[in-house]
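Observations on the model geometry
The primary structure of each chain is shown beneath.
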Amino acid sequence: MALRAHISERQRRYGAELRRLRLGADEAVQTAAAHVGMRGPQLNHIEAARTGLDEDRMRTLASFYGCTDEEYLSTLAALGASDGKGWWSQHRRRVPAFALDLAELEHWSSKAYLNYETFFIPGLLQTEDYIRKTFQNSETPLSAAQIEDAIRFRLERQRILDSPAEFRFVIHEAGLLMSFTGKEAMRDQLAHLLEVAQKPNVTVQVFPFSVKATLPYPGPFLITEPASRALSTVVVDHPGVSEFTDSPEALQTYRSRFEDLSRLALPPGDAEISARPHSERDSWGVIQHIKHGLELER
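A brief look at the structure comes next.

Conventions and cut-offs
Residues numbered from 1 in each chain as written. Predicted model: local features only at pLDDT ≥ 70, side-chain atom pairs only at ≥ 80, totals over all residues. Heavy atoms only, no water. Helix = DSSP H or I, 4+ residues; strand = E, 2+ residues; numbered from the N terminus. Expected span 1.5 Å × (residues − 1). Buried < 20%, exposed > 50% of the residue type's maximum accessible area, 1.4 Å probe, protein only. Contact = heavy atoms within 4.5 Å. 1 Å grid on protein atoms, 1.4 Å probe; cavity = no way out; pocket = protein on both sides within 12 Å on 5 of 7 lines; lining within 4 Å. Points joined across faces, edges and corners; volume = space filled by probe spheres on them. Nonpolar A, V, L, I, M, F, W, Y, C, P; charged D, E, K, R; others polar. Salt bridge = Lys/Arg side-chain N within 4 Å of Asp/Glu carboxyl O.

Notes on helix H8 (residues 144-157)
- When the terminal C-alpha atoms of H8 are compared, their 20 Å separation across 14 residues agrees well with the 20 Å that a helix rising 1.5 Å per residue should span.
- Turning to H8, its buried residues number three or more, namely Ile147, Asp149, Ala150, Ile151, Phe153, Arg154, Glu156 and Arg157.
- Tucked into the core, H8 has its buried residues touching helix H6 (97-108), strand S1 (112-117) and helix H7 (128-136).

This is the structure:
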């Protein structure tokens with residue numbers, strides 16, 4: 001049995017879920033392995049994602065553990081059956097492994113995508129020029145070739161916005177006022193943001209400085225949700241490092257946190273409603289106002 005040299009986040013998650021089910025049923029690894037004709041070390045390798053498991057034996061194990069949630073099992077089966085190949089594969093060795101894992105998770109998590117950002121425009125909504133200026137100003141020096149690779153990867157990643165999934169973004173107002181890209185690039189970025197916000201499956205909200213009910217959550221994060229919400233993943237962005245987390249407690253915490261941020265943020269609005277005289281302040285209007293200010297500074 002050949003063991004994997006590299007373990008992707010998707011593969012790690014599949015093995016971790018099998019282990020979570022076993023521990024939840026309080027079954028020893030040797031007992032569970034014997035139930036599907038394996039030895040304990042083999043099941044240990046599967047749970048550690050060093051190797052895979054076919055759907056039939058996965059379902060047999062799940063039944064042995066007392067799991068009968070068909071939506072969860074179907075989603076888990078799809079997670080384990082994936083060969084890991086997709087558009088991101090051609091970018092291997094050109095962008096960090098973390099970015100590849102994120103793109104694969106986004107592709108696989110086809111139901112919803114929730115993203116809170118503080119000082120940047122969300123990656124899925126960035127223009128080419130904004131991406132370039134972001135990487136040019138990165139603390140980690142990148143070569144011109146590395147920057148172009150990163151741009152191509154991120155732009156291709158954005159094609160997921162054309163999928164049926166629901167995309168919800170909450171952006172702190174501070175992110176709309178950052179000037180590190182230069183006025184022209186930021187003006188074009190805000191125009192693009194207004195355009196993408198008109199997509200029927202995309203919601204963009206601004207978390208304004210004027211909110212007094214609570215402190216804004218300081219760190220950006222995103223949640224990818226597949227058909228079974230139990231298999232969602234949180235990506236937490238810390239200074240200098242990002243990480244995946246999938247514990248049920250973390251998922252509940254971050255999902256509740258996102259809903260709180262969305263509740264406190266301005267309503268989305270749109271070009272027709274926001275342009276009306278005496279209309280209430282909304283996210284579209286704030287973005288348009290900041291963009292208009294940059295246009296006046298030409």
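Still more to cover.
Digging into empty space enclosed by the protein
- The final tally for this structure, using the stated rule, is one cavity of 30 Å³ or more.
- Computed from the structure, the largest cavity encloses a volume of approximately 30 Å³.
- Every residue along the wall of the largest cavity is listed here: Glu106, Ser109, Ala112, Tyr113, Ile160, Ala165, Phe167 and Thr224.
- Taken together, the residues of the lining of the largest cavity sort by class into five nonpolar, two polar and one charged.

So, unusual backbone geometry
- Although it is not a glycine, Asp26 sits at a positive phi angle of roughly 60 degrees.
- With respect to the helices and strands, the residue Asp26 is situated in the loop between helix H1 (9-24) and helix H2 (29-35).
- Residue Asp26 is classed as exposed on the basis of its relative accessible area of 68%.
- Phi is positive for Arg93, close to 75 degrees, though the residue is something other than glycine.
- Classification of Arg93 as exposed rests on a relative accessible area of 79%.

Some details on the pattern of salt bridges
- A complete count under the given rule lists 24 salt bridges for this structure.
- Ionic pairing is found between Glu9 and Arg12, a salt bridge with its closest N-O pair at 2.8 Å. One end of the pair is Glu9 and the other is Arg12, both in helix H1 and three residues apart, which spans about a single turn.
- Residue class for Arg12 comes out partly exposed when judged on its relative accessible area of 30%.
- For Glu173, the salt bridge is made with Arg281, and the minimal N-O distance between the two is 3.7 Å. Of this pair, Glu173 sits in helix H9 (residues 173-177) while Arg281 sits in the loop between helix H12 (271-274) and helix H13 (283-296), and the two are 108 residues apart along the sequence.
- Classification of Arg281 by relative accessible area gives partly exposed; the value is 45%.
- Among the ionic contacts, a cluster of salt bridges with common partners joins Glu9, Arg12, Arg13, Glu17, Arg20 and Asp246.

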